[in-house]
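# Results of the structural survey
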Amino acid sequence: MEIRSAAVIGAGVMGSGIAAHLANAGIPVLLLDIVPAGAADRSTLARSAIDRMLKTEPAPFMHRRNAKLVTPGNLEDDLARLAEADWIVEAVVEDPRVKSELYARIDAVRRPGSIVSSNTSTIPLSKLVEGQGGRFAEDFLITHFFNPPRYMRLLEVVAGERTRPEAVEAVTGFADRSLGKGVVRCKDRPGFIANRIGTFWIQAGINAAFDLGLTVEEADAVAGRPMGVPKTGIFGLVDLVGLDLMPHISRSLLDTLPPDDPYRAIHREPELLRRMIAEGLTGRKGKGGFYRLSREGGARVKEAIDLGTGRYRKTGKPRLDSVEAARGGLRALVEHPDRGGRYARSVLLQTLAYSAALVPEIADTVVAVDEAMRLGYAWKYGPFELIDRLGADWLADALEAEGMAVPPLLRLARGRGFYRVEGGRLQYLATGGDYADVPRPEGVLLLSDVKRGSAPVAKNGSSALWDVGDGVLCLEFTSKMNALDADIMAMIRKAIGLVGDGKGRWKALVVHNEGENFSVGVNLGIALFAVNIGLWPQIEQQVEEGQEVYEALRTAPFPVVAAPSGMALGGGCELLLHCDRVQAHAETYAGLVEVGVGLVPGWGGCKELLTRHWTNRRRPGGPMPPIAAAFETIGTAKVAKSAAEARDLLFLRDGDGITMNRDRLLADAKALALKLAGDYAPPEPVELRLPGPTARLALRLVIEGFLAQGRASGHDAVVAEGLAEVLSGGDTDVTRVLTGADLSALERAVFMHLVREPRTIARIEHMLETGKPLRN
């Protein structure tokens, strides 16, 4: 069965978010909700939800046009239209009675063989199908999305004893390839996997903070990066999801958990939390939560609530030796004697023991549990990966020392651990005591798996080359945030030499990494050091080197495919512009943002973006429209908030692809590279006839208008003037042909002029110190 249309019932935050993401997959969606009493527009709840999502940041839609795929309706007038849907998702209130009545209405109108699923977060499937017909049970399953559905990759899937395998395969396949989800099969148990463990972890974290006298900032400083869980920490995460949601999840779990479940023993509802919820202090969606922003003398001040007094105060930077000790590893954190170390030890011992005791009750493998916590709660490491970082023997001994039970699965892992690499393959410890290969879905190629099973073809301090099979080399960046430096430039040259050596071993090059971001651009720290000591000839040489390397990549005698995900900014975006094709993850955020640090793109970004607009067959006639379009994109540092938006900005072109599931990105890029390799020919050079001073004058009028309106600062205008110089072609006119080399020389000259500007240097320093642009 192929899913070509869908319906979502329930237009709340979760239901509407699911509808938006189904639209992101390119299928039509019917969004239904009840008819409010006295409403003039009977579909106002669904219609208002769509309107709200078009204004929401971060955006539920990958492109505004996707909203047109969502049709608003209501359960009284439009219920019969459910017969048009292949997949019907229920996302109404967590009340079994309400859901049961709704299912009966759905079953009366849906098409035979259509799939119905619930987005319940805690209610077992067996309870949901009570009283429903056999046909309904065969087509029913649980698909638990995490909020926000576009950005959180986890989809928990629970099938019942009577659920058709074909229904499960259809939903999981669509969710994997079209929605980009990491699908985790769960057993029909309360809370499934992520909420079962996540709710316990949050409760343990809140309890320990109260018991040990930590501030919320201290608790979050420990439970964030040092423990490898969300950087928000526990209290910041509760603010994000909503304090008022936690009691609902807790009550649902307490109604269904076994009588001896350890969560019952640690569950508390502190008076402070009850009071905060009653006063509307429900987190980011309310008037504040454990943290809030207030105003003091016109400035915004971040405050945190005092867990002892219940009053807000200015946040303070936590000063815990244990947080510093965590640089030495997780065990250094939990063995530290200060209250931060004791807090980490308390939370981890309880949470990891609980997790180990739940397998195989909630999932067949530790792999499923780890993936659920990584994808659903944004943990850097799952519970069993954390146990391996601590050491299974250490954890078992620590539990015994605290008088806590050691779960049988943890005893089984003593002396060996839950994961190992054998024969170049990642394996996990199964509940029977043997190791098994970690399974990968068909069509998934992970660079991390390639790296476990082979040595690099070449490697230096910031990059590496890997053989990903079938004659394709993969260039990986490994620097901090994949910032571009001299080592990466050298490796690009080496890759060009290897693939283009004429020996026939290599056919194509893919540029890809599995970091959080593809590349944030040039290493500004190194650049600022060179500026501060006045190494101007060396800086110009590095700019020219970058231009030459990227141009060599563009004109290489073999196909080059970039496979970005996350941020591709500045020089990272310029690299995309010089590749034959881009196979982008849907969540790719690309932009030429150099103006933010007082510069223009210096590695061919101006040249390539102008050329793309110039050769765009859909552009208006005349020389000014492509110049103006490139000027607007670069001059306002536009960043595409998705790969779909990157097409609008011409960072992606016709022939470039978008992959929804990040785990499939490398395989898709490799397939595209091999397809291009069949009869590959390098791109033909493009010659431009630019208007020169007349275009520059027109752009100057725009700049002066921005200045007069207060939309540009003084240095913004200086940088924009430099950008106008490049894009207009400098001292030229339409009778003269300009080559790429001419534009590169202009780029380089303007870049070198701006980099000497004190206000540019101030912008670079500010960006390095704060991570934010300076408007000076």
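In case you missed it, the structure is sitting above this.
Anyway, here's the lowdown on the structure attached to this text.

## Digging into the overall build of the chain
Counting its regular elements, the chain contains 32 helices and 23 strands. In terms of overall dimensions, the chain is globule-like: its C-alpha atoms have a radius of gyration of 28 Å, near the 28 Å expected for 776 residues. Seen through its principal axes, the chain has C-alpha atoms that stretch 85 × 65 × 65 Å. Relative to its full complement of 776 residues, the chain shows a buried share of 54%. Restricting to contacts in the chain with at least 6 residues of sequence separation, those with at least 24 account for 69%. Of the roughly 32400 Å² of accessible surface on the chain, a fraction of 52% belongs to carbon and sulfur atoms. Here the chain carries 94 positive and 97 negative side-chain charges, and the mean point of each set is 2 Å from the other.

## Digging into a nonpolar patch on the surface
Taken together, Leu-240, Val-241 and Leu-245 make up a surface patch of nonpolar side chains, about 230 Å² in accessible area. By the element assignment, Leu-240 lies in helix 9 (residues 233–241).

## Topic: helix 10 (residues 245–256)
The terminal C-alpha atoms of helix 10, which comprises twelve residues, lie 17 Å apart, in line with the 16 Å expected from a rise of 1.5 Å per residue. Buried within helix 10 are the following residues: Met-246, Pro-247, Ile-249, Ser-250, Ser-252 and Leu-253. Turning to helix 10, the residues buried within the fold contact helix 7 (194–212), helix 9, helix 11 (262–266) and helix 12 (271–278).

## Structural notes on the pattern of salt bridges
If you walk through the whole model with that rule in mind, you get 51 salt bridges. Across the pair Glu-76 and Arg-42 runs a salt bridge whose closest N-O atoms are separated by 2.9 Å. Residue Glu-76 is located in the loop between strand 3 (70–74) and strand 4 (87–90), and its partner Arg-42 is located in the loop between strand 2 (29–33) and helix 2 (44–53); the two are separated by 34 residues in the primary sequence. Classification of Glu-76 as exposed rests on a relative accessible area of 52%.

## Points about helix 12
Since one α-helical turn is 3.6 residues long, residues separated by three or four positions face the same way. Considered for burial, the residues of helix 12 that qualify are Leu-272, Leu-273 and Met-276. Axial view of helix 12: buried residues confined to an arc of 95°, hence all on one face. Set apart from the buried face of helix 12 by more than 90 degrees, the exposed residues are Glu-271 and Ala-278. Those residues of helix 12 that are buried lie in contact with helix 7, strand 10 (299–305) and strand 11 (312–314). A positive phi of about 80° marks Gly-280, the residue just after helix 12.

## Notes on the sheet that holds strand 7 (residues 154–159)
Within a beta sheet, neighbouring strands are joined by backbone hydrogen bonds and run either parallel or antiparallel to one another. With mixed pairing, eight strands are arranged side by side in an open sheet as 3-2-1-4-5-6-7-8. Pairing within the sheet leaves two strands with one partner each, and these edge strands are strand 3 and strand 8 (182–185). Taking the axes of each pair of neighbouring strands and ignoring which way they run, one obtains an average angle of 25° across the sheet. In terms of strand pairing, strand 6 (residues 140–145) meets strand 7 through five bridges, oriented antiparallel. By the bridge assignment for strand 7, Ile-142 is matched with Val-158. Along the sheet, helix 2 contacts strand 2 and strand 3; its crossing angle with strand 3, the most-contacted strand, is approximately 150°. Of the strands in this sheet, strand 4, strand 5 (115–118), strand 6, strand 7 and strand 8 are in contact with helix 6 (residues 165–177), which crosses strand 8 at around 150°.

## Some details on the pairing of strand 2
Summarising burial for strand 2: five of the five residues are buried, a large majority. Neither face of strand 2 is exposed, since Val-29, Leu-31 and Asp-33 on one face and Leu-30 and Leu-32 on the opposite face are all buried. Bridge count between strand 1 (residues 6–9) and strand 2: four bridges; the pairing is parallel. Note that in strand 2 the partner of Val-8 across the bridge is Leu-31. Handedness of the crossover joining strand 1 and strand 2 through helix 1 (residues 13–24) is recorded here as right-handed. The pairing of strand 2 with strand 3 spans five bridges and is classified as parallel. When the bridges of strand 3 are listed, Asp-33 appears paired with Asn-74.

About the cut-offs
Residues numbered from 1 in each chain as written. Predicted model: local features only at pLDDT ≥ 70, side-chain atom pairs only at ≥ 80, totals over all residues. Heavy atoms only, no water. Helix = DSSP H or I, 4+ residues; strand = E, 2+ residues; numbered from the N terminus. Rg over C-alpha atoms; globule rule 2.2 N^0.38 Å. Buried < 20%, exposed > 50% of the residue type's maximum accessible area, 1.4 Å probe, protein only. Contact = heavy atoms within 4.5 Å. Areas by Shrake-Rupley, 256 points an atom, 1.4 Å probe, with all protein chains shown as cover. Lys, Arg positive; Asp, Glu negative; His and termini not counted. Charge placed at Lys NZ, Arg CZ, Asp CG, Glu CD. Patch = residues over 30% accessible without salt bridge, like charges linked within 9 Å, V, L, I, M, F, W, Y side chains within 5 Å. Salt bridge = Lys/Arg side-chain N within 4 Å of Asp/Glu carboxyl O. Expected span 1.5 Å × (residues − 1). Arc of directions from axis to C-beta. Pairing = 2+ DSSP bridges. Axes fitted to C-alpha atoms, helices over the stretch in contact; angles between N-to-C directions. Right-handed = clockwise from strand over helix to strand, strands pointing away.

Interpretation note: all reported values are geometric properties and have no functional meaning in isolation.
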